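Now for the letters of each chain:
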Amino acid sequence: MNNREYYIDKDGFKLHAKLDFPTDAESKLPILILIHGLTGQMDEAQLYGVRDAALDAGCACLRVDMYGHGKSDGDFSNHNVMEWLCEILYIIDHARNQEFVTDIYLAGHSQGGLAVILAAGMKSDQIKALIPISPAINIVSDSKKGEFFGTQFDKDNLPETVHFWDEFDIKANYFRVAKTLNVDEAISAYDGPVLIVHGTNDESVPVSYGIEVADKYQNATLKLIEGDSHCFDYHLDELILAVKTFLLEHR
């Protein structure tokens, strides 16, 4: 099988995708769908690491740039988590239609971790195992309080746009959507195996959120990486090993 870079057409909307296969891939094999985080894109070090873990475990890996990110269509400032969720549901269907696919695993980093938690709750019968990495469930609770990664705003009188991290603008609909997301309901709807990986020195999503998610799932393994950051800048090898081990255990 050959690696592919292509676009998934979602009703005329183009989502940039890369599909990688392990060396000497079998004619039938599982696939890991991998989603990046807020302001990110598929070609980041931590995502390369997770991709390599999947390949080493004998899985194909499908990485996709979400709305307004990377090389996909859309304006970043107009994106929201519900938009991403709908895209992930579509991507899962796309993967299920590939002739080589046996089982589907779902992984996401940061906002992608939040989005895959929601998607797995909706497609619990189609996802063999779930891997939220540094899952940014604080997006939901902080939006309700009028906070966004260090930026404060009036939650009752939303501004047209919110400026954050000194360089990004995002429109108010992002927060209107985020406040409605029911993470607990999605968690309770998925009873398959789950791996949560989180760095203890995460500067964007405090490790307490990863611990909280792991505690709420029925069948979760929690891997804390001591002293590591949101993007695993210091111990990426531990993230890779944790994902590879988990996938091999649930082949």
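For the structure, see preceding data.
How each quantity is defined
- Residues numbered from 1 in each chain as written.
- Predicted model: local features only at pLDDT ≥ 70, side-chain atom pairs only at ≥ 80, totals over all residues.
- Heavy atoms only, no water.
- Pairing = 2+ DSSP bridges.
- Helix = DSSP H or I, 4+ residues; strand = E, 2+ residues; numbered from the N terminus.
- Axes fitted to C-alpha atoms, helices over the stretch in contact; angles between N-to-C directions.
- Contact = heavy atoms within 4.5 Å.
- Phe/Tyr/Trp six-rings, centres within 6.5 Å; stacked < 30°, edge-to-face > 60°.
- Buried < 20%, exposed > 50% of the residue type's maximum accessible area, 1.4 Å probe, protein only.
- Salt bridge = Lys/Arg side-chain N within 4 Å of Asp/Glu carboxyl O.
- Right-handed = clockwise from strand over helix to strand, strands pointing away.
- Core = buried A, V, L, I, M, F, W, Y, C linked by side-chain atoms within 4.5 Å.

*Asks:* An account of the sheet that holds strand E3 (residues 29-35) is requested, with residue identities and associated values reported.
*Replies:* Taken in spatial order, the eight strands line up as E1-E2-E4-E3-E5-E6-E11-E12 in an open sheet, and their pairing is mixed. Edge strands, defined here as strands with exactly one partner in the open sheet, are strand E1 (4-10) and strand E12 (220-225). Pairwise comparison of adjacent strand axes, ignoring direction, gives a mean angle of 20° for this sheet. Here seven bridges tie E1 to strand E2 (residues 13-20), and the two strands are oriented antiparallel to one another. Paired with Lys 10 across the bridge in E2 is Phe 13. In this fold helix H2 (residues 81-96) packs onto E1, E2, E3, strand E4 (60-64) and strand E5 (101-109), with an angle of close to 120° to the strand it touches most, E1.

*Asks:* With reference to specific residues and values, describe the pairing of strand E10 (residues 168-171).
*Replies:* The two faces of the sheet receive side chains in turn, since in a regular strand these alternate between them. Strand direction decides the pairing type here: strand E9 (residues 161-164) and E10, joined by four bridges, are antiparallel. Its bridge partner being in E10, His 163 is matched across the sheet by Asp 169. Taking the residues that link successive antiparallel strands as the turn, the E9-E10 hairpin has three residues, and the phi of Trp 165 there is positive, at about 50°.

*Asks:* Please provide a residue-by-residue account of the packing of aromatic side chains, values included.
*Replies:* Summed over all chains, the structure comprises 15 aromatic pairs. Ring plane angle 80° and centroid distance 4.8 Å describe the contact between Phe 148 and Phe 164, whose orientation is recorded as edge-to-face. Of the two residues, Phe 148 is situated in strand E7 (residues 147-148) and Phe 164 in strand E9; the sequence distance between them amounts to 16 residues. Phe 164 carries the same exposure label as Phe 148, and that label is buried. Measuring from ring centre to ring centre gives 4.6 Å for Phe 153 and Phe 175, while their planes differ by 45°; the resulting arrangement is tilted. Remark: Phe 175 occurs in helix H5 (residues 173-178) and Phe 153 occurs in the loop between strand E8 (151-152) and E9; sequence separation between them is 22 residues.

*Asks:* Just give me the short version of the pattern of salt bridges, but keep the residues and values in it.
*Replies:* Two side chains of opposite charge can pair, provided their charged atoms sit close to one another. Here the structure, examined in full by the defined rule, presents 12 salt bridges. The partner of Asp 20 in a salt bridge is Arg 51, and the shortest N-O contact between them spans 3.9 Å. Here Asp 20 is found in strand E2, whereas its partner Arg 51 is found in helix H1 (residues 45-56), with 31 residues between them in sequence. The buried category is assigned to Arg 51, whose relative accessible area is 17%. With its nearest N and O atoms 3.3 Å apart, the salt bridge here joins Lys 155 to Asp 156.

*Asks:* Give a description of the pairing of E5 that names residues and reports values.
*Replies:* With seven of nine residues buried, E5 lies mostly within the body of the structure. Alignment of E3 against E5, held across six bridges, turns out to be parallel. Paired with Ile 33 across the strands is Leu 106, a residue of E5. In this view, the connection linking E5 to its parallel neighbour strand E6 (residues 129-133) by way of helix H3 (residues 111-122) has right-handed handedness.

*Asks:* Tell me about the environment of Ser 124, residues and numbers included.
*Replies:* In this structure, Ser 124 sits in the loop between H3 and E6. Here the alpha-carbon distance between Ser 124 and Ala 186, two residues 62 residues apart in the chain, equals 9.3 Å. Ignoring sequence-local partners within four residues, the contact set of Ser 124 consists of Ala 189 and Tyr 190.

*Asks:* So what's going on with the nonpolar core? Which residues, and what values?
*Replies:* Ile 31, Ile 33, Leu 62, Ile 88, Leu 106, Leu 114 and Phe 148 are the most contacted members of the largest nonpolar core, which totals 67 residues. The element contributing the most residues to this core is H2, with eight residues. Judged by nonpolar contacts, the second largest core, of 24 residues, contains Leu 55, Ile 131, Leu 195 and Leu 239.

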